[in-house]
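# Architecture and fold: a report
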Amino acid sequence: MNARTVVVVGHGMVGHRFVESLRRLDTDDAWKIVVLAEENRPAYDRVALSSYVGDASAEDLTLDEHSDPLVELHLDEPVTAVDLAARTVRTAKGRDVAYDELVVATGSVPFVPPVPGRDLDNVFVYRTLEDLDGLRAAAEKAVSTAGAGRRAGVVVGGGLLGLEAANALRQLGLSPHVVEMAPRLMPVQVDEGGGALLARLVSELGLRVHTGVSTSSIAKDHRGGLTVTLSDGTELDASVVVFSAGIRPADSLAREVGLEVGERGGVLVDERCRTSDEHVWAIGEVAAVKGRTYGLVAPGYAMAEVVAERLTGGDGRFTEADLSTKLKLLGVDVASFGDAHAATAGALEVTLNDPVAGTYSKLVVSDDAQTLLGGILVGDASNYETLRGFLGEKLPGDPMSLIAPAGDGAVGVGIDALPDGAQICSCNAVTKGALVAAIASGEATTVPQLKACTRAGTTCGSCVPTLGKVLASCGVEVSKALCEHFSQSRAELYEIVMATGLQTFSEIIGQYGTGRGCDICKPAVASMLATLAGGHVLDGESAVLQDTNDHFLANMQRNGTYSVVPRLPGGEVTPEGLIAIGSVAKDFGLYTKITGGQRIDMFGARVDDLPKIWQRLVDAGFESGHAYGKSLRTVKSCVGTDWCRYGVQDSVGLAVALELRYRGLRSPHKLKSGVSGCARECAEARSKDFGIIATETGWNLYLGGNGGFTPRHAELIASDLDTTTLVRTIDRFLMFYIRTADRLQRTAPWIEALEGGIDHLRDVIMEDSLGICASLDEQMARHVEGYADEWAAVLADPDKLERFTSFVNAPGTPDPTIEFVDHLGRRVPAGMKDGQPTDLAALGLGGVPITDGARIPMGAPA
Amino acid sequence: MTAQADVRQHPSGSTDGAESKDPQPTPATPAAPPSGTGWTAVCPLAKLQPERGVCALVDGEPVAVFRTHDDRLFALHNVDPFSRASVLSRGIVGDLGGTAVVASPLHKQHFALESGVALEDSDVVVATYPVRVVDGTVEVGSP
Ligand SMILES: Cc1cc2nc3c(=O)[nH]c(=O)nc-3n(C[C@H](O)[C@H](O)[C@H](O)COP(=O)(O)OP(=O)(O)OC[C@H]3O[C@@H](n4cnc5c(N)ncnc54)[C@H](O)[C@@H]3O)c2cc1C
Ligand code: SF4
Ligand code: FES
């Protein structure tokens, strides 16, 4: 088929969505798509831009690639001119590209008011990843030369983005000032009452707010910093300045070629999103639909859909847009939706202002108080998603009761009450009806599946908690029962064991379960008992509950032999220690390998040899590394200030201390940690369950990372902590996880499943919102105090030693089923697995062992 | 509508170490223990901890001997037919749907203690042996 060409100018969020929509609708492959993009990277999630200073990498933010032969993407090649008559565009590389239809999706440019000094170094805007890279570099430089005091940063503009930028500065280690011309922050979204509370809440977060003033000038000071002078004469010393004073449509190209533009800028389009030239369309922030521009992504997506439909013979129309917004700023809830300022004739306002609780809620309703028109929520926006669903709909109750705090005769708003037409995800225009349909058809039974099949929740993510509620309201409930013997979830069972103080599995299953237990509930309960009752894992009845790894205090490998890992706290080992490990491996014929967690694994140990091996290791000063347990594994570290010229803190010292503190701690799944001595992050701490990165003034703590099947980056929970606060926070995190996670649920999915996610976690462990911190602290203190090396205890106990034998009736007889072979210098179990060995010849290595020179020493088994 | 999580299905990553990421091997036919007469002493009954197994050498074959909570004794060939490793005695003993089972410590398939049949695949059977207690000593007989 002879494809026609559509050229897309701009590969931002909306350009990207347009390409996806057109490819989806163009089932005949009638269109070839050529995208010309100014930025040097493919489209990314600009809405989540701020997370880039936190825990997201550029890759995390990148939107799905269009892997499609009909899509050509040219990066770093902006369009510089358009010839409407010839239907060609010219790019900055001097190329001419012909089009049948042209889609302008150039977005916006930040507006920088004409303040003297706005061109100085260290003055930034906040729109692209490049902007943030520059800002980060400047902030890091400022922080590293700050000495004792904290350096400040000034954000010009106190709107939604300004506050995001201020938070970013804070995360980068600067003290942020926010300068807003209007008398309150977020003037577009909130009213006076909400603005006053908002100012108070963000001040508590350390932001300094200057409202009702403008910025007069920026000048260099004599120390290489900047002085920002405000209209009231205030002078602020700052290391960086960020302009976030609004945006202007990037419509210069359109203006040059004479396309009509809106009164307040933007390429004028009709509701089909067509410009004054019939072959040119405009979508996203650059488009002025009937004169009005939209600075949000949802309307842009809707426009992309309209044009994609039009190009494939449909009759899409852009009608109205949901302008709801929610501040994604750490810890402060602000939401504004619908007619927040009560501009509708006759609209009534119902306001609830609770300065003590720090909440402000306002609903705007129709003159008969029946229909919800809009609202503002500050301090607590937990009802936002549901309330937004009622926009334009009849309210299920008296408006006041909807915003009244729970217990005050509040009815709250249940998902059930929402009409099917209610929009749950405004970013992607997904209604409750569409979600319910996906659930009813069986397509989706989990939140990730709902996201995949409806796109809901895939943009700003604010609706994700509501997706879970919709699932629940449809009766989809994943059984949390631990196994057939316990109807309780692991967390419920933990509560029970903690509250009752029961100390044996028999009592617990007798009173709270059925049957005799199995390989799921037994180790799970054993792990709970280990963190509650303490004691040795092989004591009494506890021994029969353990998985084989815990039962033999070693990791079973595929041929029934075990691997042995002594603890090397922080990855530190002395030459004597290395020699001891080496000689043990040699004497017992063990294959040795360095693990990812900076220790040494010895493979191929027979059950009978484990005590002898450990006797040697314990004598050499080693202790169990718990590599066999669902427990703390390692705290990896870089060399930090000891050796590294970049180090700002003693990462090794902290890693060793943390590993010693949490060693032996049994948990729902394995736990890993890492400590890096500076922001270069050589210890890969952010891929750990709890990762710590040194800053000039303390430690940044990241929680919920992991490698493995689904790699995750840990999220920042707090910055610049002193060591005491850091350790206390980790203590509580671990204990809270141990108490409430599901069996085999690692920290990342656990945090994700917490209602309120990382923010909730922060409230619980840093603000003590559940009032359990004292108990968490006490439980950790007991663990630290009660720690004893499991292997030393076994060696000292003849009863426990007895089980380390291949045959009870023939002690000392080695298991004849265990055989090893030499495979290219590696000692491996006999009987190759499928897919082995790697064909070295194919790699051009011609069968030469990978290890060069001396072969790995392999003594005969002792 | 209720999506019941299948609690018997061990999700990925359920066991640690390399074994959990290994592909599940296809089971081999269980090694047939040699037939003979007579009984082999295993250990004093008192040494056999309830709900845990031991491994004994019987006519040159590794045999797993289990004692359940109600003091019944069972003996199965020790080789796990799925992984071909001699490990069944080191599995966790319990019950599933009322059947007393041992779970293979490698890939967690369950074998009925009484019949040796794998609950996950009834075509896979581990050989069973007679067990008795004589003068406080556990003995395993030829199958
Ligand atoms: C920090 C931040 C937070 C935000 N938070 C939210 C939020 O919470 N909710 C929300 O709805 N919206 C939010 N937004 C706004 C949202 O990001 C935008 O509405 C959305 O990105 C607009 O998409 P777009 O494709 O129209 O423009 P853009 O994403 O800006 O893409 C336009 C692209 O076109 C390129 N371009 C420009 N000129 C040319 C040319 N001549 N040739 C080729 N390419 C060109 C640009 O380089 C750019 O890559 C936020 C924005 C920022 C900056
Ligand atoms: S993280 Fe920093 S301190 Fe640690 S090794 Fe790397 S550069 Fe050095
Ligand atoms: S509302 Fe933004 S992703 Fe759903």
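Here's what I pulled together on the structure shown here. (Residues numbered from 1 in each chain as written. Chains lettered and ligands numbered in written order. Predicted model: local features only at pLDDT ≥ 70, side-chain atom pairs only at ≥ 80, totals over all residues. Heavy atoms only, no water.)

Further remarks concern the site of ligand 2. Around ligand 2, the neighbouring residues are Cys 638, Gly 640, Cys 644, Tyr 646, Gly 647, Ser 676, Gly 677, Cys 678, Arg 680, Glu 681 and Cys 682 of chain A. Class assignment of the residues belonging to the shell around ligand 2 gives a composition of 5 nonpolar, 4 polar and 2 charged. (Near = heavy atom within 4 Å. Nonpolar A, V, L, I, M, F, W, Y, C, P; charged D, E, K, R; others polar.)

This part takes up the packing of helix H1 (residues 13–25) of chain A against helix H7 (residues 297–311) of chain A. All names here are of chain A. Where H1 meets H7, the axes come as close as 8 Å, and the angle between the chain directions of the two elements is 35°. Helix-helix and strand crossings are classified by hand; for H1 and H7 the assignment is right-handed. Of H7, the residues touching H1 (which contributes Met 13, Val 14, Arg 17, Phe 18, Ser 21, Leu 22, Arg 24 and Leu 25) are Val 297, Gly 300, Tyr 301, Ala 304, Glu 305, Val 307, Ala 308, Glu 309 and Leu 311. A per-class count over the contact of H1 with H7 returns 11 nonpolar, 2 polar and 4 charged. (Axes fitted to C-alpha atoms, helices over the stretch in contact; angles between N-to-C directions. Helix = DSSP H or I, 4+ residues; strand = E, 2+ residues; numbered from the N terminus. Left-handed = near helix turned anticlockwise from the far one by under 90°. Contact = heavy atoms within 4.5 Å.)

What follows concerns the pairing of strand E30 (residues 591–594) of chain A. Residues and elements named next belong to chain A. Where E30 meets strand E31 (residues 600–605), 4 bridges bridge the pair, whose relative direction is antiparallel. Across the sheet, residue Tyr 591 finds its bridge partner in E31, namely Phe 603. The antiparallel pairing of E30 with E31 creates a hairpin that spans 5 residues between the two strands, and Gln 598 there sits at a positive phi of about 65°. (Pairing = 2+ DSSP bridges.)

Here we take up the side chain of Lys 636 of chain A. Residue and element names in this part refer to chain A. Here Lys 636 is to be found in strand E32 (residues 632–637). Classification of Lys 636 as buried rests on a relative accessible area of 11%. Within the local environment of Lys 636, its side chain forms a polar contact with the side chain of Glu 684, the two groups lying 3.0 Å apart. Excluding anything up to four places from it in sequence, Lys 636 contacts Gly 596, Gln 598, Ala 655, Ser 673, Gly 674, Val 675, Ala 683, Glu 684 and Lys 688. (Buried < 20%, exposed > 50% of the residue type's maximum accessible area, 1.4 Å probe, protein only. Polar contact = N/O pair within 3.5 Å; in protein donor to acceptor, adjacent residues only side chain to side chain.)

Residue and element names in this part refer to chain A. For the pair helix H18 (residues 575–588) and helix H19 (residues 610–619), the least separation of the axes is 10 Å and the interaxial angle reads 160°. Of the possible angle classes, the one that applies to H18 and H19 is roughly antiparallel. The chirality of how H18 crosses H19 is right-handed. From H18, Ile 581, Ser 583, Val 584, Asp 587 and Phe 588 reach across to H19, where they touch Lys 612, Ile 613, Arg 616 and Leu 617. (Parallel < 35°, antiparallel > 145°, perpendicular 65-115°, else oblique.)

What follows covers the sheet that holds strand E16 (residues 240–243) of chain A. Residue and element names in this part refer to chain A. Spatial ordering of the open sheet is given by E9-E16-E10-E11-E12, a layout of 5 strands whose pairing is parallel. Lying at the two open borders of the sheet, with one neighbouring strand each, are strand E9 (123–125) and strand E12 (208–211). Strand-to-strand twist of the sheet, defined as the mean angle between neighbouring strand axes without regard to direction, takes the value 20°. In the packing of helix H4 (residues 160–171) onto the sheet, the strands contacted are strand E10 (152–156), strand E11 (175–180) and E16, and the crossing angle to E10 comes to about 170°.

All names here are of chain A. The tally for this structure, following the rule as stated, stands at 43 salt bridges over all chains. Where Arg 95 meets Glu 77, a salt bridge forms, and the shortest distance between an N and an O atom there is 2.8 Å. With Arg 95 in the loop between strand E5 (88–91) and strand E6 (96–98) and Glu 77 in the loop between strand E3 (71–74) and strand E4 (79–83), this residue pair connects regions lying 18 residues apart in the sequence. Since its relative accessible area comes to 3%, Glu 77 is described here as buried. In this structure, Arg 746 engages Asp 689 in a salt bridge whose closest nitrogen and oxygen atoms are separated by 2.6 Å. Separated by 57 residues along the polypeptide, Arg 746 in the loop between helix H21 (723–740) and helix H22 (747–753) and Asp 689 in the loop between strand E33 (671–676) and strand E34 (690–694) bring together distant segments of the chain. Each member of the pair, Arg 746 together with Asp 689, is buried. Where salt bridges share partners, they join Arg 23, Asp 26, Asp 29 and Asp 68 into one cluster. (Salt bridge = Lys/Arg side-chain N within 4 Å of Asp/Glu carboxyl O.)

Glancing now at the nonpolar core. Among the nonpolar cores identified, the biggest contains 77 residues, and Phe 18, Val 89 and Ile 283 of chain A are the most heavily contacted of them. In terms of residues, this core owes the most to one element, H7 of chain A, which gives 8 residues. (Core = buried A, V, L, I, M, F, W, Y, C linked by side-chain atoms within 4.5 Å.)

The next thing to look at is unusual backbone geometry. The bulk of non-glycine residues show a negative phi, and the bulk of peptide bonds are trans. Even without being glycine, His 626 of chain A reaches a positive phi, approximately 55°. Checked against the element boundaries, His 626 of chain A lands in the loop between H19 and E32. Among the residues examined, His 626 of chain A registers a relative accessible area of 0% and is labelled buried. With a phi close to 65°, Arg 84 of chain B is a non-glycine residue in the positive phi region. Within the fold, Arg 84 of chain B resides in the loop between strand E4 (73–77) and strand E5 (92–96). For Arg 84 of chain B, a relative accessible area of 54% puts it in the exposed group.

Residues and elements named next belong to chain A. The buried count for E34 comes to 5 of 5 residues, which makes it a mostly enclosed element. Of the two faces of E34, both are covered, the one formed by Phe 690, Ile 692 and Ala 694 as well as the one formed by Gly 691 and Ile 693. Pairing geometry for E33 and E34, over 4 bridges, is parallel. Within E34, the residue paired with Ser 676 across the bridge is Ile 693. Inspection of the sheet shows E34 paired to strand E35 (residues 699–703) by 5 bridges, in the antiparallel sense. Paired with Ala 694 across the bridge in E35 is Trp 699. Count of turn residues in the E34/E35 antiparallel hairpin: 4 residues.

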